[in-house]
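# Coordinate analysis (summary)
Each chain, letter by letter, is given below.
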Amino acid sequence: MTARIIDGKAFAETLRGRVAQEVTRLKDGLGVTPGLAVVLVGDDPASHVYVRNKHKATVEAGMQSFEHRLAEDTTEQELMGLIDQLNADPEVHGILVQLPLPDHLDSDLVINAIDPSKDVDGFHISNVGLLGTGQKSMVPCTPLGCLLMLRDVHDSLSGLNAVVIGRSNIVGKPMAQLLLGESCTVTIAHSRTKDLAEVVRGADIVVAAVGRPKMVPGDWIKPGATVIDVGINRIDAPEKGLREDGTVKTRLVGDVDFDSCAEVAGAITPVPGGVGPMTIACLLANTVTACCRANGFPEPEGLAV
Ligand SMILES: Nc1nc2c(c(=O)[nH]1)N[C@@H](CN(C=O)c1ccc(C(=O)N[C@@H](CCC(=O)O)C(=O)O)cc1)CN2
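Residues numbered from 1 in each chain as written. Predicted model: local features only at pLDDT ≥ 70, side-chain atom pairs only at ≥ 80, totals over all residues.

Within an unreviewed UniProt entry, the label attached to the chain reads Bifunctional protein FolD, and the organism entered is Allosediminivita pacifica. Recorded in UniProt under Subunit (unreviewed entry), the annotation for the chain is "Homodimer." Per UniProt, the chain has the following entry under Function (unreviewed entry): "Catalyzes the oxidation of 5,10-methylenetetrahydrofolate to 5,10-methenyltetrahydrofolate and then the hydrolysis of 5,10-methenyltetrahydrofolate to 10-formyltetrahydrofolate." (UniProt positions renumbered as here; feature names shortened; annotations may be inferred.)

Shown next, in the form of structure tokens:
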């Protein structure tokens, strides 16, 4: 079998188009422009790229983008002061603090200072609790993107066996909650799971979010299963040659071994071009949802769960 490749880039483009339509509806209907504030602390090069891409996508969707780039040595007090200011700003409907934060800052403290109704990352403890109890919440962007793609592949997810590999607060745990909400039978596997291969072999849906390059080989995959690869790992690619400074060029790979898994799976997301682009599209969708909720405006269908 050769798997259907789930094109996350195309999926994200469609979703961003829907978001842009909803932005127009909000502007015309209410005279309100959804606004997203992104806070970046420090010099992490990948985070700088993600924040730049978020700004571009926000503006392209017709929303207001407020970027706050703070120095690496920003104090907790300074950061909390900015969060208070954004919480109180009526033009800001969504607030996101780019992770990881520098080590001297306590990310739990910072995230829990965000007004939960503006927490478009869905990481605030109130949103975590609401999601865990099946109530309306802000849903973390990466798991939301995975779920939207899974719903497109399957007519119904009900009763399917889903294995989520990884138990992070950002992806693994919320992903498991979302799948449970779809009436899947959910297993969360992790570094201590016994006989991981056998656990994965029982899965109709595999979501890999461990951060280990190509960890899942094709012979772990049940024929026809759907494989969602959340991993974004940069590895050396000597086949691409050297950079001008003499270092080896690199390439991105996921947590699953794409070639061998694609031979067995029914559908699979690539890396790059799978889950990653959906993360930013879902951030825009969450900002529109937050803006609608803040203004008592009907929420668009299909942008939230
Ligand atoms: N506050 C948050 N911080 C972080 C999150 C998050 O959801 N909220 N997620 C990641 C980073 N991230 C967004 O912030 C993100 C990662 C990757 C992509 C993406 O589109 N990846 C591309 C490849 C990009 C490349 O070439 O390097 C792909 O997979 O095709 C988007 C967003 C950690 N921090």
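What follows picks up the thread again.
## Comments concerning the domain arrangement of the chain
Its domain assignment divides the chain into domain 1 (31-118) and domain 2 (141-278). Each of domain 1 and domain 2 was reduced to a C-alpha centroid, and the two centroids are 28 Å apart. (Domains from an automatic or database assignment.)

## Quick look at the site of the ligand
The ligand sits among 17 residues. The nearest are Tyr50, Leu99, Pro272, Gly276 and Thr279. Elements supplying a minimum of two residues to the shell around the ligand: strand S4 (94-97), helix H6 (141-153) and helix H10 (275-294). Classifying every residue of the shell around the ligand gives eleven nonpolar, five polar and one charged. Built from parts of two domains, the shell around the ligand gets at least three residues from each of domain 1 (31-118) and domain 2 (141-278). (Near = placed C-beta within 6 Å. Helix = DSSP H or I, 4+ residues; strand = E, 2+ residues; numbered from the N terminus. Nonpolar A, V, L, I, M, F, W, Y, C, P; charged D, E, K, R; others polar.)

## Regarding the UniProt feature "domain: Tetrahydrofolate dehydrogenase/cyclohydrolase catalytic" (unreviewed entry) in the chain
Residues given the UniProt feature "domain: Tetrahydrofolate dehydrogenase/cyclohydrolase catalytic" (unreviewed entry) here are residues 6-121. Across residues 6-121 one finds 49% helix and 16% strand; the C-alpha atoms that close the span lie 24 Å apart.

## Notes on the sheet that holds strand S8 (residues 226-229)
Hydrogen bonds along the backbone pair up the strands of a sheet, which may run parallel or antiparallel. On the basis of which strands lie adjacent, the open sheet formed by six strands has the order S1-S11-S8-S7-S5-S6 and parallel pairing. Looking at the sheet topology across the chains shown, the edges are occupied by strand S1 (4-5) and strand S6 (185-189). The pairing of strand S5 (residues 161-165) with S6 spans five bridges and is parallel. Bridging across to S6, Ala162 finds its partner in Val186. (Pairing = 2+ DSSP bridges.)

## Re the packing of helix H2 (residues 45-60) against H10
One can describe the packing of H2 onto H10 by two numbers: an axis separation of 10 Å at closest approach and a directional angle of 50°. Our classification of the angle between H2 and H10 gives oblique. Crossing of H2 over H10 shows right-handed handedness. Residues Asn53, Lys54, Ala57 and Thr58 of H2 form the contact with H10, whose own contacting residues are Ile280, Leu283 and Leu284. Partitioning the contact of H2 with H10 into residue classes produces four nonpolar, two polar and one charged. (Axes fitted to C-alpha atoms, helices over the stretch in contact; angles between N-to-C directions. Parallel < 35°, antiparallel > 145°, perpendicular 65-115°, else oblique. Left-handed = near helix turned anticlockwise from the far one by under 90°. Contact = placed C-beta atoms within 7 Å.)

## Examining the pairing of S4
Burial of S4 is two-sided: the residues Gly94 and Leu96 facing one way and the residues Ile95 and Val97 facing the other way are all buried. With four bridges connecting them, strand S2 (residues 35-41) and S4 associate as parallel partners. Counterpart to Val39 in the pairing with S4 is Val97. (Buried ≥ 20, exposed ≤ 12 C-beta atoms within 10 Å, placed from the backbone.)

## Some remarks on the packing of H6 against helix H7 (residues 172-181)
For any two helices packed against each other, the geometry is given by the interaxial angle and the distance between the axes. Where H6 meets H7, the closest approach of the two axes is 8 Å, and the angle between their N-to-C directions is 35°. Where H6 crosses over H7, the handedness of that crossing is right-handed. Contact with H6, carried on its side by Pro143, Cys146 and Leu147, involves Pro174, Met175 and Leu178 of H7 and no other residues of that element. Across the contact of H6 with H7, the residue classes tally to six nonpolar, no polar and no charged.

## Regarding H7
Extensive coverage of H7 is indicated by the burial of eight of its ten residues. Of all the positions in H7, only Gly172, Lys173, Pro174, Met175, Ala176, Gln177, Leu178 and Leu179 are classed as buried. Of the surrounding elements, those touching the buried residues of H7 are helix H5 (125-132), H6, S5, S6 and strand S7 (205-208). In the segment just after H7, Ser183 is the residue with positive phi, at about 65°.

## A word on unusual backbone geometry
For the bond from Leu99 to Pro100, the omega torsion is 5°, close enough to zero to count as cis. Topologically, Pro100 is positioned in the loop between S4 and helix H4 (107-111). Between Val271 and the following residue, Pro272, the backbone shows a cis peptide bond with an omega angle of 0°. Structurally, the position occupied by Pro272 is in the loop between strand S11 (267-268) and H10.

## Let's talk about the sheet that holds S2
Strand order in this open sheet of three strands is S3-S2-S4, and the pairing throughout is parallel. Unpaired on one side and paired on the other, strand S3 (64-70) and S4 mark the two borders of the sheet. Pairwise comparison of adjacent strand axes, ignoring direction, gives a mean angle of 15° for this sheet. Along the sheet face, H2 touches S2 and S3 and points at about 170° away from the line of S2.

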